[in-house]
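# A structural walkthrough
Here are the chains, one letter per residue:
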Amino acid sequence: MDPRTRALLEAPIAPTLLRLAAPNVLVLVAQASSGLIETYFVGKLGTDALAGVALVFPVFMLMQMMSAGAMGGGIASSIARALGSARRADADALAMHAVVIALGFAAAFTLGVLGGGRWLYAAMGGSGRALDAALVYSNWIFAGAVLVWVFNSLAAVVRGTGNMALPAWVTCVGVAILIPVSPALIFGWGPFPALGIAGGAVALVSYYGAGSAALAAYLWSGRAVVRPTLGGTGFRWPFFRDILRVGLVAALVTVATNLTIMIGTALAGSFGPAAIAGYGTGARLEYLLVPLVFGLGAPLVTIVGTNIGAGIAFLLTEAIGLSAAAFPSAWLSLFDSNPQMLEAGTAYLRTVGPFYGMFGLALALYFASQGAGRLLWPLIGNLTRLAIAAIAGTLALGWSGELSHVFLAQSLALVAFGAINAAAVAGGSWFGPLSWPRSLRVT
């Protein structure tokens, strides 16, 4: 058995979790920096451009979270299980099946968003110049959807072997290049043309392309624990099923998460582009919690060190939320100075920010449940969050006409999401029917 696989099975949980999480936290810093800097420069193009990116961002994050977290989790957990059972040939075949799944989902996103983007962004409240900006940014991003899917799927293959460092290294090097290239393409510099909002999208897609090439070179070089190959047996449904049985259910959780933000964007859209920009900029901080928890969640998928990972995730995300609620302008003013944008963003952060800890807790337990192959309750929790945010938010807006009441509904939804996941795991949902409080048997 490969020494890395043996360490995952036999080493102490806490040190192993922290050792595996460290590279992912480094990825968090890199990804957060790239996202913040791109948004910062897009904000210099005006409130309409910022609103356009805010319209596209939940759809892009749906693809990102589905490819990296949902299907990525299914890929990593299936390969980890195969290696843990000393089935090296199966792990190689699973890696190849993962690439095919990535190509299929990428085609679906490209065709769906390029064909229906205008309708979708208009339904989310986009109009006029904000809608035009959204379409330009979106068309470039989703024309390159295959690069996003291949990058995240190959990274998941590598993580499934217990190698968290290489995806982190590829990400950090790519971001180091992306940070100067993005503003150069947005505003123009030297040989780079001034592409405006499209420049940010072109830079981002190029980053995923280069990262995909680097990960592919590693996996097919023979230096990795697995090498994507079919081994002469052809494609087999059991391998697809092994990935999809976790990945598809996790994808439903991801859809519910992003649909909640899309509905919030649509409700904010009734107050105009500045409100969309304000809510979108505030919600971007919530999205930044995802890679933070993912830094802990990726090792959880592999080793399921639940209590430690969930506790750390809660403390970190709650600290960020409370800081944002106390000093909202420190975040929002980085991107725009429009008073309406600042007002909407401040209302969101002061209302929802104090409950970010419940979001972090729920996400950490979701990642751990992926490793256990038990995703029913995370799905129920997220659908409950969606229902509360959508129904209560719509009713609150209709009764009061106040955007802040929509944010109250979103806060309640986060509490429900975290509480349901925590109660389910504590009640033994991984091992059979729920029993709360769980009975202890002494033998």
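Worth saying up front: this structure is predicted, and the values here are computed from it rather than measured.

### Concerning the packing of aromatic side chains
- Under the defined criterion, the tally for this structure stands at 16 aromatic pairs.
- On the numbers, 5.4 Å between centres and 80° between planes, the contact of Phe151 with Tyr208 is edge-to-face. Taken together, the residues span a long stretch of sequence, with Phe151 in helix α6 (residues 145–160) and Tyr208 in helix α8 (residues 197–219) at a distance of 57 residues. Neither residue differs from the other here; Phe151 and Tyr208 are each classed as buried.
- Relative to Phe407, the ring of Tyr279 lies with its centre 5.7 Å away and its plane at 10°, an arrangement referred to as stacked. Note that Tyr279 is positioned in helix α10 (residues 273–303) and Phe407 in helix α16 (residues 403–426), a separation of 128 residues in sequence.
- Classification of Phe407 as buried rests on a relative accessible area of 0%.
- Clustering of aromatic rings is evident, with ring pairs tying together Phe105, Phe109, Phe142 and Trp149.
- Cation over ring: Arg284 sits above Phe57, and NZ or CZ is 3.7 Å from the ring centre.

### Structural notes on the side chain of Gln410
- Summarising the element assignment, Gln410 is placed in helix α16.
- Judged by its relative accessible area of 7%, Gln410 is buried.
- Non-local contacts of Gln410, meaning those with residues more than four positions away in its chain, are made with Thr260, Gly264, Tyr279, Tyr348, Val352 and Ala389.

### Description of the packing of helix α5 (residues 128–143) against α8
- Where α5 contacts α8, the axes come no closer than 8 Å and their chain directions differ by 20°. Accordingly, the angle class assigned to the pair α5 and α8 is roughly parallel. Regarding α5 and α8, the two cross each other, and that crossing is right-handed. Contact residues: Ala133, Val136, Tyr137, Trp140 and Ile141 in α5; Ile197, Ala198, Gly200, Ala201, Val202, Leu204 and Val205 in α8.

Reading the values: the criteria
Residues numbered from 1 in each chain as written. Predicted model: local features only at pLDDT ≥ 70, side-chain atom pairs only at ≥ 80, totals over all residues. Heavy atoms only, no water. Phe/Tyr/Trp six-rings, centres within 6.5 Å; stacked < 30°, edge-to-face > 60°. Helix = DSSP H or I, 4+ residues; strand = E, 2+ residues; numbered from the N terminus. Buried < 20%, exposed > 50% of the residue type's maximum accessible area, 1.4 Å probe, protein only. Lys NZ or Arg CZ within 6 Å of the ring centre and 35° of its normal. Contact = heavy atoms within 4.5 Å. Axes fitted to C-alpha atoms, helices over the stretch in contact; angles between N-to-C directions. Parallel < 35°, antiparallel > 145°, perpendicular 65-115°, else oblique. Left-handed = near helix turned anticlockwise from the far one by under 90°.

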